[in-house]
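# Structure assessment
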Amino acid sequence: MLSERRLQVLRAIVQDYVGTEEPVGSKALTERHNLGVSPATVRNDMAALEDEGFIAQPHTSAGRIPTDKGYRLFVDKLAGVKPMTPPERRAIQNFLEGAVDLDDVVARTVRLLAQLTRQVAVVQYPSLTRSTVRHVELLSLAPARLMLVLITDTGRVEQRMVDCPAPFGEASLADLRARLNSRVAGRRFSDVPSLVEDLAEAFGAEDRGTVSTVLSTLLETLVEENEERLMIGGTANLTRFGHDFPLVIRPVLEALEEQVVLLKLLGEAKDPGVTVRIGHENAHEGLNSTSVVSVGYGSGGEAVAKLGVVGPTRMDYPGTMGAVRAVARYVGQILAES
């Protein structure tokens, strides 16, 4: 275990390096921080931190910079989450409240996160598998053609055309709509198949084929393979950090283009707390020089998707964690009210 003083020295090194972008020396530390000890003592502490792998000497300069291990200790033990100021919170709320639908919510969230953190923002669309049904609408387009509209609790709207095996009257349509919603409204998607499996039997023989067709279309909509969608923004922010990427920026950009990589980075939505992955903790090689800060968001206290930011390991962790958490909270409120 590191002594309290060495923890203070490590915290000061991280803060100075993030703020100045320059390797940090013992003289500068004692001048800028009230550590209460001489530069010689700080030098000894820095030597001990270096021996234990928390800081490193990047080149022949006299200064030191934090390693992934140093940032990890900083995030876990030394950094609180920096709360947003009341004006910042009002700005977030006003910007997100102008959204007209789910696509607009996601697009605004990406823009907002990228602007607040000056990093790359990634927002996962609410997953259908973790959603509940708000309403199922059935509309007649022609005697044997219907439109099925599925509305989720997160504001997501899915539309499907249904070609019926026989004409389907308005009375039968109203009956099916009412019976369907009485069974599935407010229920988890995963529960729906068992809730509707015997519904066709409640209808006369002439309508049963159409009811079965509508139900199979509904179930296909619930289990769509390509439902994990992402929106990404602010990749231009990475160019401001050119010197933070030891090789070149291309591997980072290539990794950000791979949706599967990003979904893995964000992690499981069911983990609602703020997650920070630093440097080599990211399994994808192209992202070894980045950190990812992510959090779950959703309505009613349950996370239905993740959002987060990707940036260099030399990141303002308290501020980034605070921004990501605050934005997730407001997005959740908007989904709950939509």
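Scroll up a little and you will see the structure.
Throughout what follows, the structure given in this document is the object of discussion. Quick caveat, the model's predicted, so the values are computed rather than measured.

### Considering the overall build of the protein
The number of helices and strands found in the protein is 12 helices and 10 strands. Its C-alpha radius of gyration of 26 Å places the protein more than 25% over the 20 Å reference for a compact globule of 338 residues. In terms of principal-axis extent, the alpha carbons of the protein reach across some 90 × 40 × 35 Å. Considering the protein as a whole, with its 338 residues, one finds that 49% of them fall into the buried category.

### Topic: the sheet that holds strand β5 (residues 145–152)
Spatially, the 3 strands line up as an open sheet ordered β4-β5-β6, and their pairing is antiparallel. Strand pairing shows two members of the sheet lacking a second neighbour, β4 (133–142) and β6 (157–163), which therefore form its edges. Recorded for the sheet is a direction-independent mean angle of 20° between the axes of neighbouring strands. Here 7 bridges tie β5 to β6, and the two strands are oriented antiparallel to one another. Following the sheet pairing, M147 is matched in β6 by M161.

### A look at unusual backbone geometry
At E21, a residue that is not glycine, the phi angle is positive and equals roughly 65°. Among the secondary structure elements, E21 is positioned in the loop between α1 (4–20) and α2 (26–32). Assessed through its relative accessible area of 37%, E21 is described here as partly exposed. A positive phi is found at R118, a non-glycine position, where the angle reads about 55°.

### Notes on a nonpolar patch on the surface
On the surface, L139, L141 and M161 cluster together into a nonpolar patch covering about 260 Å² of accessible area. Tracing the chain through its elements places M161 in strand β6. With relative accessibility at 43%, the residue M161 sits in the partly exposed group.

### Here's the deal with the pattern of salt bridges
Summed over the entire model, instances satisfying the criterion amount to 15 salt bridges. For the salt bridge of R72 with E281, the shortest nitrogen-to-oxygen distance reads 2.7 Å. Pair noted here: R72 is in helix α4 (residues 68–78) and E281 is in the loop between β8 (275–278) and β9 (290–297), with a separation of 209 residues, a long-range link. For the salt bridge of D104 with R108, the shortest nitrogen-to-oxygen distance reads 3.2 Å. Taken together, the residues span about one helical turn, with D104 and R108 both in helix α6 (residues 102–117) at a distance of 4 residues. No difference in accessibility class separates D104 from R108, as the two residues are buried.

### So, the nonpolar core
Soluble, globular proteins show a tendency: their nonpolar side chains are buried together. L29, L307 and Y317 are the most contacted members of the largest nonpolar core, which has 57 residues in total. At 11 residues, helix α12 (residues 317–337) tops the list of elements feeding residues into this core. Counting 24 residues, the second largest nonpolar core, distinct from the first, contains L138, F168, L173 and L180.

### Focus on helix α11 (residues 259–266)
Taken residue by residue, α11 has V261, L262, L265 and L266 as its buried positions. All buried residues of α11 fall inside an arc of 130° around its axis, so they share one side. In this structure, α11 carries V260 and K264 as exposed residues pointing more than 90 degrees from its buried face. Buried positions along α11 lie against β3 (120–124), β7 (230–233), α10 (250–256), β8, β9 and β10 (305–312). Directly after α11, the chain includes G267, whose backbone phi takes a positive value near 85°.

### Observations regarding the sheet that holds β3
Reading across the sheet, the 5 strands line up as β7-β3-β10-β9-β8 and stay open at both edges, with antiparallel pairing between neighbours. Each edge of the open sheet carries a strand with a single partner, namely β7 and β8. Mean inter-strand twist for the sheet, computed between neighbouring axes without regard to direction, equals 15°. The pairing of β3 with β7 spans 4 bridges and is antiparallel. Residue pairing across strands places A121 opposite G233, the latter belonging to β7. Across the sheet, α12 touches β8, β9 and β10, and the angle it forms with β9 is around 25°.

### Let's talk about the packing of α6 against α12
Two elements in contact, α6 and α12, have axes whose closest approach is 10 Å; the angle formed by their N-to-C orientations is 165°. With respect to each other, α6 and α12 are oriented roughly antiparallel. When the axes of α6 and α12 are compared, the crossing they make is right-handed. Counting all contacts with α6, which are made through L102, V105, T109, L112, L113, L116 and T117, the residues of α12 involved are T320, A323, V324, V327, V331, I334 and L335. In terms of residue class, the contact of α6 with α12 is built from 11 nonpolar, 3 polar and no charged.

### Looking at the packing of α4 against α12
It is the contact of α4 with α12, at a shortest axis distance of 10 Å, that shows an interaxial angle of 55°. By the criterion of interaxial angle, the relationship of α4 to α12 is oblique. You can see that α4 and α12 cross each other, and the crossing is right-handed. Side by side, α4 and α12 meet where Y71, F74 and V75 of the first sit next to Y317, P318 and M321 of the second. Of the residues assigned to the contact of α4 with α12, the class counts are 6 nonpolar, no polar and no charged.

Calculation criteria
- Residues numbered from 1 in each chain as written.
- Predicted model: local features only at pLDDT ≥ 70, side-chain atom pairs only at ≥ 80, totals over all residues.
- Heavy atoms only, no water.
- Helix = DSSP H or I, 4+ residues; strand = E, 2+ residues; numbered from the N terminus.
- Rg over C-alpha atoms; globule rule 2.2 N^0.38 Å.
- Buried < 20%, exposed > 50% of the residue type's maximum accessible area, 1.4 Å probe, protein only.
- Pairing = 2+ DSSP bridges.
- Axes fitted to C-alpha atoms, helices over the stretch in contact; angles between N-to-C directions.
- Patch = residues over 30% accessible without salt bridge, like charges linked within 9 Å, V, L, I, M, F, W, Y side chains within 5 Å.
- Areas by Shrake-Rupley, 256 points an atom, 1.4 Å probe, with all protein chains shown as cover.
- Salt bridge = Lys/Arg side-chain N within 4 Å of Asp/Glu carboxyl O.
- Core = buried A, V, L, I, M, F, W, Y, C linked by side-chain atoms within 4.5 Å.
- Arc of directions from axis to C-beta.
- Contact = heavy atoms within 4.5 Å.
- Parallel < 35°, antiparallel > 145°, perpendicular 65-115°, else oblique.
- Left-handed = near helix turned anticlockwise from the far one by under 90°.
- Nonpolar A, V, L, I, M, F, W, Y, C, P; charged D, E, K, R; others polar.

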